[in-house]
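Residues per chain are reported as follows:
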There are 2 protein chains.
Amino acid sequence: MAANIAVENLNPKVLKCEYAVRGETAIHAQRLQEQLQTQPGSLPFDEILYCNIGNPQSLSQLPVTFFREVLALCDHPCLLEKEETKSLFSADAIFRAEQILAIIPGRATGAYSHSQGIEGLRDSIAAGIASRDGYPANAYDIFLTNGASPGVHMMMQLLIRNEKDGILCPIPQYPLYSASIALHGGSLVPYYLDESTGWGLEISDLKKQLEDARSRGIDVRALVVINPGNPTGQIFAKDNQCDIVKFCKNEGLVLLADEVYQENIYIGNKTFNSFKKIARSMGYGEDDLPLVSFQSVSKGYYGECGKRGGYMEITGFSAPIREQIYKIASVNLCSNITGQILASLIMNPPKAGDESYASYKAEKDGILQSLARRAKALEDAFNNLEGFTCNKAEGAMYLFPQIKLPQKAIEAAKAAKKAPDAFYALRLLESTGIVVVPGSGFGQVPGTWHLRCTILPQEAKIPAVISRFKAFHEAFMAEYHD
Amino acid sequence: MAANIAVENLNPKVLKCEYAVRGETAIHAQRLQEQLQTQPGSLPFDEILYCNIGNPQSLSQLPVTFFREVLALCDHPCLLEKEETKSLFSADAIFRAEQILAIIPGRATGAYSHSQGIEGLRDSIAAGIASRDGYPANAYDIFLTNGASPGVHMMMQLLIRNEKDGILCPIPQYPLYSASIALHGGSLVPYYLDESTGWGLEISDLKKQLEDARSRGIDVRALVVINPGNPTGQIFAKDNQCDIVKFCKNEGLVLLADEVYQENIYIGNKTFNSFKKIARSMGYGEDDLPLVSFQSVSKGYYGECGKRGGYMEITGFSAPIREQIYKIASVNLCSNITGQILASLIMNPPKAGDESYASYKAEKDGILQSLARRAKALEDAFNNLEGFTCNKAEGAMYLFPQIKLPQKAIEAAKAAKKAPDAFYALRLLESTGIVVVPGSGFGQVPGTWHLRCTILPQEAKIPAVISRFKAFHEAFMAEYHD
């Protein structure tokens, strides 16, 4: 008998799940990359320019030296006993590694930790949060995770019983949310960010979508907010955040705050405020609002995607619910210790007076200032293309321009059985090697079309990205002109 | 309005899931550990002896030097440019780190990788598998994971549609399987390992349980085997493995082979054979049997639990099914790169002639020989306790003795609303500080009671573990004598 496994009898939730960031365009780009290696010169470009994924170090961003020094020392603590180490590593990296090893039971960086992560590292993360927000934070509330994604999955797994459980998500959204909701069999309840006001969030729309979902028998359990926004790049104003917090409290919703871009702020007149800080500043405490904040080592100026570190801070959950969260965490034993250490470092970077401070600050500022310049250059370039309109990237790592496509292009896409923006993105890739993600992967107002383009290509390559994009777009528009 | 979240309205699959390894006894041990710190002298022992979890480095096992040298160099590649590095690191560690960085695109250990893991590392793992088995292996079949657990979850997520989908699991089993099946809403179909023949697997029992499940309308989709066994420590004979492979082929089952203890072999006359090697030696190829082998950096002589590295090798799945597995992997982006590198190292350790070979071999042999001595000492000690019978630990990291408890003890457990073995384990912990996991967390023949005890305490501490255990047991038996 042949195995009884076939696509038709796999878990339908898996079949339903989609993840555009690593979807069709990205897979096609991998194929073209291989073709460039095996048959150089066979394509109209000589390299693939990845603008599809927030993966800075894959595009030559260097890691922050201090962080890597500490990681290396913790990976191989024998180094701390050697004299030569003092000439190879900065004194504060050595000191920090000693501090970290001292709080790890048995100095064992190769042991499973507590399922929430090493307690001393959670203490230092809590201290970092408290210093960021000006409100207390507690190691007991921190769950260290392999990047932010597993934390999101954990919360979806906890909250979703069946397709009648709904999660309010922004549209456009980062497809981790739609994928996780699909994998756990729930319903995504969309609310629309308003492109015309720079991707603003209107409480009246939130309210309308909630009521509409409830009238369809959906038990809406949580609200996802992404601030700074992905793919939209906006930073919420404080007043707006207060309204969101009030709304969640009034409607009995868990607030799931994706705050992984908290360090990626590119405009002077806006700052990041965590939702916990906002809630506490309104006088809301543990009993008022279940709130989860997700943070990751993958974003910010550090961009340490490959280390898979992150945490969630959970407040406002009862002890029996926390026990269930702990249980799910414990089934996976613990997150990786290197990522745990790195999460404690990004929340407690070198301070003025430390030996590494000047070089750390120069590296950090260099990265963030360059990202701001790249964001502005790409935004301006998009706004100069026929049919493109592009909001400012106030934060995060993306631009999400809207394209108005000619009717002929829409028909050609239809004939090719693709969404018009996916059709455009594939043509762009095949002509230029530039990889972007079609807006349809994130959700968009029906009848509108977008692309998500990261601001991450090396600064020296931005002019080439812009000129290749422009040449392609002009040819595309000429080909499909109405 | 207060939040509408309460334990009663959480996902019932989460509520149902149990994970004994980090369950009640382990949580109580954490509390006692805190008490020892805050109120020294308040308990009848002065340290907690963790025999509950396969976490060698938490019990002072040292990491293998060569592996950690390579990890430190890959974490901070700038070291490779410095002259002092040559006196701090072995030449082959430097060479290996250079090799690894050369196969990582952009030498970026801080970038997300391909969702299956870095291709060059998968190539080297495939080469390691091929050299172990004598049959070809392919990078395309390897999915690197954060330890073995996420791979198991991925397969359960893929295969389980609802409670009518069953997975055949050994009893006793490692509770990751029962937990994962519960979280994904399927049915665990038990088959019993035969304690009287050293935890042997009888195909006739497998067949009987399969038919019984089918008669109850269960669609049995896969068979889990753990070899060497956890918690049972047995190593399957080749003939037995052939029968298992044939059974899966004949019954159309996916074979999920947990092979994470492949390096933990303690008796001279048995060797590890992977199920893939067995299948290929029987002439079965890709079309005959869907087979998944799970491996981890957490076990073996390396014991690098905190690094969360591992892989699954999947063969015999059609392209459309593989696409679905790839999609699930891609939703979590990739596993951590440090763990990926370590997985490639354990499958390709230093070879005779390499500078580190002698020290590597001494470290490896030292650990494995000591584990074998500890296993034997504990086995003998258990077999000398009244009411205990204990099979040999042929492999893995555990002993799973059966205890015949007096009727009075069983009644006392009932009064305390605990399973008798859980009652015994808690009393043992409170009297001695020794933490073991009750057999009820793994499953056992109804009416029998067991404990899982790791063989991992430092060798110098084994006599103390044994004498404390013996004193407790004698007092316990005296207290509850029938």
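The notes below deal with the structure included here.

Scoring rules and cut-offs
- Residues numbered from 1 in each chain as written.
- Chains lettered and ligands numbered in written order.
- Predicted model: local features only at pLDDT ≥ 70, side-chain atom pairs only at ≥ 80, totals over all residues.
- Heavy atoms only, no water.
- Helix = DSSP H or I, 4+ residues; strand = E, 2+ residues; numbered from the N terminus.
- Rg over C-alpha atoms; globule rule 2.2 N^0.38 Å.
- Contact = heavy atoms within 4.5 Å.
- Areas by Shrake-Rupley, 256 points an atom, 1.4 Å probe, with all protein chains shown as cover.
- Lys, Arg positive; Asp, Glu negative; His and termini not counted.
- Charge placed at Lys NZ, Arg CZ, Asp CG, Glu CD.
- Buried < 20%, exposed > 50% of the residue type's maximum accessible area, 1.4 Å probe, protein only.
- Pairing = 2+ DSSP bridges.
- Buried area = accessible area lost by both parts, 1.4 Å probe.
- Salt bridge = Lys/Arg side-chain N within 4 Å of Asp/Glu carboxyl O.
- Polar contact = N/O pair within 3.5 Å; in protein donor to acceptor, adjacent residues only side chain to side chain.
- Nonpolar A, V, L, I, M, F, W, Y, C, P; charged D, E, K, R; others polar.
- Axes fitted to C-alpha atoms, helices over the stretch in contact; angles between N-to-C directions.
- Least-squares fit on C-alpha atoms with pLDDT ≥ 70 in both.

Okay, the overall build of chain A next. For chain A, the helix and strand inventory stands at 17 helices and 14 strands. Scaling as 2.2 N^0.38, a compact globule of 482 residues should have a C-alpha radius of gyration of about 23 Å, and chain A matches this with 23 Å. Along the three orthogonal principal directions, the C-alpha set of chain A runs to about 70 × 65 × 60 Å. Restricting to contacts in chain A with at least 6 residues of sequence separation, those with at least 24 account for 73%. Within the structure as shown, chain A displays about 16700 Å² of accessible surface, and the carbon and sulfur contribution to it stands at 54%. The averaged location of the 53 negative side-chain charges in chain A is 2 Å from the averaged location of its 47 positive side-chain charges.

The two faces of a sheet get side chains in turn, since along a regular strand they alternate between them. All names here are of chain A. The buried fraction of strand 3 (residues 165-171) amounts to seven of the seven residues, a majority that puts the element mostly inside the structure. The side-chain alternation of strand 3 yields two buried faces, one formed by Asp165, Ile167, Cys169 and Ile171 and the other by Gly166, Leu168 and Pro170. One ladder, built from four bridges, connects strand 3 with strand 5 (residues 219-226); its direction is parallel. Opposite Gly166, over in strand 5, you have Val220 as the bridge partner. Two elements, strand 3 and strand 4 (residues 187-192), share six bridges in a ladder whose sense is parallel. When the bridges of strand 4 are listed, Ile171 appears paired with Tyr192.

Another aspect to go through is the interface of chain B and chain A. Every contact between the two is made by 93 residues of chain B and, on the other side, 93 residues of chain A. Buried surface at the junction of chain B and chain A, summed over both partners, amounts to about 7700 Å²; 55% is from carbon and sulfur atoms. Seen at the junction of chain B and chain A, the total is two salt bridges. In this structure, Asp75(B) and Lys307(A) form a salt bridge, with 2.4 Å as the shortest nitrogen-oxygen distance. Summed over the shared surface of chain B and chain A, the result is 42 residue pairs in polar contact (both at pLDDT 80 or more). Partitioning the side of chain B that touches chain A into residue classes produces 44 nonpolar, 32 polar and 17 charged.

It is worth spelling out the sheet that holds strand 3 (residues 165-171) of chain B at this point. All names here are of chain B. What the seven strands build is an open sheet, ordered 2-8-7-6-5-3-4; its pairing is mixed. Because the sheet does not close on itself, it has two edges, and the strands there are strand 2 (142-145) and strand 4 (187-192). On average, each strand axis in the sheet is inclined to that of its neighbour by 20°, with strand direction left out of account. Strands in contact with helix 7 (residues 149-159) are strand 2, strand 3, strand 5 (219-226), strand 6 (254-258), strand 7 (291-296) and strand 8 (310-315); relative to strand 7, the strand with the most contacts, it is inclined by about 155°. Sheet strands in contact with helix 10 (residues 238-251) are strand 3, strand 5 and strand 6, and its direction is about 165° off that of strand 5.

To continue, consider the sheet that holds strand 2 (residues 142-145) of chain A. Residue and element names in this part refer to chain A. As summarised here, the arrangement of the seven strands in space is 2-8-7-6-5-3-4, forming an open sheet in which the pairing is mixed. Whereas interior strands pair on both sides, the edge strands pair on one side only; in this sheet they are strand 2 and strand 4. On average, each strand axis in the sheet is inclined to that of its neighbour by 20°, with strand direction left out of account. Across the face of the sheet, helix 9 (residues 203-215) comes into contact with strand 3, strand 4 and strand 5 while running at roughly 150° to strand 4.

Now for the relation of the copies chain B and chain A. Turning chain B through 180° and shifting it by 0.0 Å along the axis lays it on chain A, with an RMSD of 0.0 Å. Both copies are brought into coincidence by an operation consistent with a two-fold rotation axis. Of every C-alpha in chain B, the one belonging to Ala72(B) sits nearest the axis of rotation, 2.1 Å from it. The overlap is high: 100% of the interface residues of chain B also sit at the interface in chain A, so the same surface is used on both sides.

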